[in-house]
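This is what each chain is made of:
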Amino acid sequence: MFFVDTLEFEGLGNRSYLVGGPRAAVAVDPPRDVDQVIAAAAKRGVRIAYVAETHVHNDYITGGLELARITGASYLVPAAAHVSFARTPVADGDTVTVDEGLVLRALATPGHTPHHTSYVLEEDGRGAAAFTGGSLLIGTVGRPDLVEPRLTEELARAQHASAHRLADELDDEVPVLSTHGFGSFCSSSQAEGDATTIGRERTANDALTLDVDTFVAEMLAGLDDVPAYYAHMGPANAAGPAPVDLTPPRRADAGEIAARLAAGEWVVDLRSRTAFAEGHVAGSFNFEGDGKLATYLAWLIPWGKPVTLLADTPERIADAQRELARVGIDRPAAAATGDPAAWIREGERLASFPRARFADLAEVRGRGEEVVVLDVRRDSERAAGHVEGAVHVPVHELYGRLDEVPSGTVWVHCAGGMRAAIAASLLDAAGRAVVAVDDGFDAAREAGLTVTRP
């Protein structure tokens, strides 16, 4: 018998796996904070004998190199991947014995990257689980446009072939255990569901139901924006990431927070958007700790800019620090916790701005008041419908395009409220009068607002 433990990282939309038998295991696509993997192995009472990468990742910093160093495991990396560290190169068909009766077989599945490799766990010679990384996902495949624009169509065609190879070689009941596809921007489209099998994908996945030309055309037409920080992940992983440092950051008082803001550094408030709107340090930005913190903060922040974290508890700071380390934002410059009133100097006041619903916006427009409606959703979301007259600047572009937002009070919205809160904080820090629309977009039409298509 074998086990599979899933380590889920909701903020990045990824999963890692620990799989093995009674004595030994292999860690597949581990996160940078490897202590969780080590803890999972200790709980099972197994030795981590192998660490396996499906590809050089573009969306997070791997912990594979460090995990292999700490545990003495063999580090399996696709042979065709260009890396600067010692590893055990694996090619199509290579096998390693994980434990008695358990063999891990490498299966070349190019498409997400040219060197992408899936791993099939075989129990007594029969395929029992497929670790598909960024190849076959739940209802979709990994996007092919993260390596080199000139290779995109070629890799898209390779994704189609790789999906068919997996389906041809594996039985219907074999679970598909992918790394991406749970909200990750490495997925070529956002799929629904939490688990799948080869058999289910045969009937539901476009890569297995459409001919290659149709599949490629539809996938390339649907590709969305790429987070800016992805440009830094691949090179860092190829060079060999440094060990992560999760020791607490130094404590900042009100004077230091003010000084860091004055120096142009980022001060990030991790509290809920409700708490932030009610009172915050003027000039700080709101990225909720419970949202997709790593994705959106890493996407928006100028790379390498020092960041100071503010939160209600030290635990929230620690969680954020761990999540940010996964995308290469290694050490907060400082941090502060507790009552926001302690984050400002004597004589200063906390800033605030109102929150509203789409019904409030409809009421304001109904009275004939002139307001700016700012839509910060992605292009693909706006294409499905937008509030008539709304200005469109995706949230990940807003920091560099603030001067494009027309004058007047800005009512900013997204699809659910989280990104609108980020955008509202950016506008507020720039001195703009802002109202954060904290509502689901479906409520816009229900409120009587005209929703049109481009």
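In case you missed it, the structure is sitting above this.
In this text, all values refer to a predicted model and were calculated from it rather than measured experimentally.

### Concerning the sheet that holds strand β1 (residues 3-9)
Spatial ordering of the open sheet is given by β1-β2-β3-β4-β5-β6, a layout of six strands whose pairing is mixed. A single partner strand is all that each edge strand has here, and the edge strands are β1 and β6 (88-90). Strand-to-strand twist of the sheet, defined as the mean angle between neighbouring strand axes without regard to direction, takes the value 25°. Bridge count for strand β5 (residues 74-78) against β6 is three bridges, and the pairing is parallel. Bridge pairing in β6 links L76 to T88. Sheet strands touched by helix α1 (residues 35-44): β1, β2 (14-20), β3 (24-28) and β4 (47-52). Its angle to β1, the strand with the most contacts, is close to 155°.

### A closer look at the packing of helix α3 (residues 152-169) against helix α6 (residues 212-222)
Running from N to C, α3 and α6 cross one another at 125°; their axes reach a closest spacing of 9 Å. Classified by the angle between their axes, α3 and α6 sit oblique to one another. Between α3 and α6 lies a crossing of right-handed hand. On α6, the residues that touch T152, E153, A156, R157 and H160 of α3 are V212, D213, F215, V216, M219 and L220. Looking at the contact of α3 with α6 residue by residue, the classes come out as six nonpolar, two polar and three charged.

### Observations regarding the packing of aromatic side chains
Inspection of every chain in the model, using the stated rule, returns 11 aromatic pairs. On the numbers, 5.4 Å between centres and 65° between planes, the contact of Y17 with F131 is edge-to-face. Here Y17, found in strand β2, pairs with F131, found in strand β10 (residues 126-133); they are 114 residues apart in sequence, far enough to count as distant. Taking the relative accessible area as the measure of exposure, Y17 reaches 2% and is therefore buried. On the basis of an interplanar angle of 70° and a centroid distance of 5.1 Å, the ring pair of W266 and Y399 is categorised as edge-to-face. Of the two residues, W266 sits in strand β12 (residues 266-269) while Y399 sits in the loop between α14 (395-398) and β20 (410-413), which places them 133 residues apart along the sequence. The class of W266 is buried, set by a relative accessible area of 1%. By way of ring pairs, the aromatic residues W266, F285, F287 and Y399 are connected into one cluster. Over the face of the ring belonging to F182 we find R15, whose NZ or CZ atom lies 3.8 Å from the ring centre. Its end group placed over the ring of F441, R377 keeps NZ or CZ at 4.0 Å from the ring centre.

Rules of the game
- Residues numbered from 1 in each chain as written.
- Predicted model: local features only at pLDDT ≥ 70, side-chain atom pairs only at ≥ 80, totals over all residues.
- Heavy atoms only, no water.
- Pairing = 2+ DSSP bridges.
- Helix = DSSP H or I, 4+ residues; strand = E, 2+ residues; numbered from the N terminus.
- Axes fitted to C-alpha atoms, helices over the stretch in contact; angles between N-to-C directions.
- Contact = heavy atoms within 4.5 Å.
- Parallel < 35°, antiparallel > 145°, perpendicular 65-115°, else oblique.
- Left-handed = near helix turned anticlockwise from the far one by under 90°.
- Nonpolar A, V, L, I, M, F, W, Y, C, P; charged D, E, K, R; others polar.
- Phe/Tyr/Trp six-rings, centres within 6.5 Å; stacked < 30°, edge-to-face > 60°.
- Buried < 20%, exposed > 50% of the residue type's maximum accessible area, 1.4 Å probe, protein only.
- Lys NZ or Arg CZ within 6 Å of the ring centre and 35° of its normal.

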